[in-house]
Amino acid sequence: MNAGPDETAGPDARTQELAAALAATRRRLVAAAESAGRAPEDIALLVVTKFHPAEDLARLLALGEREFGESREPEAGRKIARVRGEVDVPFAADMIGSVQRKKAGGIARWARRVHSVDSLALIDAFDGAAARALEAGHRDERLGVLLQVSLDGDPKRGGLVAADLEEAADHVLAAEDSLTLDGLMLIAPLGLAADDAMARIADIRAGFMERYPGAVELSAGMSGDMDEAIAHGSTCVRVGTAILGPRPILSP
Ligand SMILES: *Cc1c(COP(=O)(O)O)cnc(C)c1O
């Protein structure tokens, strides 16, 4: 893989471009944390490499990034397996996009966490898939689950409405041999100001954590709304475009 700094030529142009965008995003994260009176290290930056080539993931590893978000299986699993085979640096990759049940088996082999869990059927699928992956030695730790919350009930964006969260959370806890209940995830709905959306998820999360105190993660904030998300307690921002630029058009 031709990526990362080359000792003779120095970093390639793409690596330099990624380094600059990454530094700007990290400055933005620190500024948002500081203005919210939060410690920047309490907010993870998940670099969303979906639809970008394995070479970019390798470049970001060379730049020191260790946490990535991917969204389309089986392309994601193939890309991650390739980078893991070629670059000797451990890293975590999370599934952040909508998931079909039949893809759970593949995802459970590579993902640290799934951010986009929004049905009891999907929880069952990941329970079985993670149990098999643990048994086969494809993973060492249980699969982390974040429940995706829908603020407007729009089925196109996915997510559970607040009233259904408790049933889903109890379902994850009942699968404790293979799954962990890590927290909540939000993709802010269209048509709601970012600050209002993030205030609402913060409120839902506060109630959720009274009942599930171990579910500490709030995955919220993307390129366009990470500042508002951090102001309202996000522990993980998922940033793609601001770091990697526009996603290449996929060929079928
Ligand atoms: C693609 C994607 C992101 C990254 O969005 P950007 O606007 O490119 O930062 C974050 N979260 C989810 C769920 C995504 O699918």
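Residues numbered from 1 in each chain as written. Predicted model: local features only at pLDDT ≥ 70, side-chain atom pairs only at ≥ 80, totals over all residues. Heavy atoms only, no water.

K.L.:
Can you walk me through unusual backbone geometry in this structure?
P.N.:
Backbone phi values are negative for most residues with the exception of glycine, while trans is the configuration of most peptide bonds. With omega at 10 degrees, the peptide bond leading from E73 into P74 counts as cis. Structurally, P74 can be placed in the loop between β2 (67–70) and α3 (75–86). In this structure, F51 is a non-glycine residue whose phi angle is positive, near 70 degrees. Turning to its location among the elements, F51 is positioned in the loop between β1 (44–48) and α2 (54–62). The exposure class assigned to F51 is partly exposed, which follows from its relative accessible area of 27%. (Helix = DSSP H or I, 4+ residues; strand = E, 2+ residues; numbered from the N terminus. Buried < 20%, exposed > 50% of the residue type's maximum accessible area, 1.4 Å probe, protein only.)

K.L.:
Hey, could you run me through the packing of aromatic side chains in this one?
P.N.:
The geometry of an aromatic ring pair is captured by the separation of the ring centres together with the interplanar angle, meaning the angle of the planes. Evaluated as defined, the whole model comprises two aromatic pairs. Judged by centre distance (5.7 Å) and plane angle (85 degrees), the rings of F68 and F91 are edge-to-face. With a gap of 23 residues between them, F68 in strand β2 and F91 in the loop between α3 and β3 (92–95) connect regions that are remote in the sequence. By the burial criterion, F68 is buried, and F91 matches it. Seen in terms of ring centroids, F208 and Y212 are 4.7 Å apart; in terms of plane orientation they differ by 40 degrees. Their pairing is tilted. For the residue pair F208 and Y212, the accessibility class agrees, reading buried in each case. For the cation-ring pair, R84 lies above F91, with the distance from its terminal atom to the ring centre recorded as 4.6 Å. (Phe/Tyr/Trp six-rings, centres within 6.5 Å; stacked < 30°, edge-to-face > 60°. Lys NZ or Arg CZ within 6 Å of the ring centre and 35° of its normal.)

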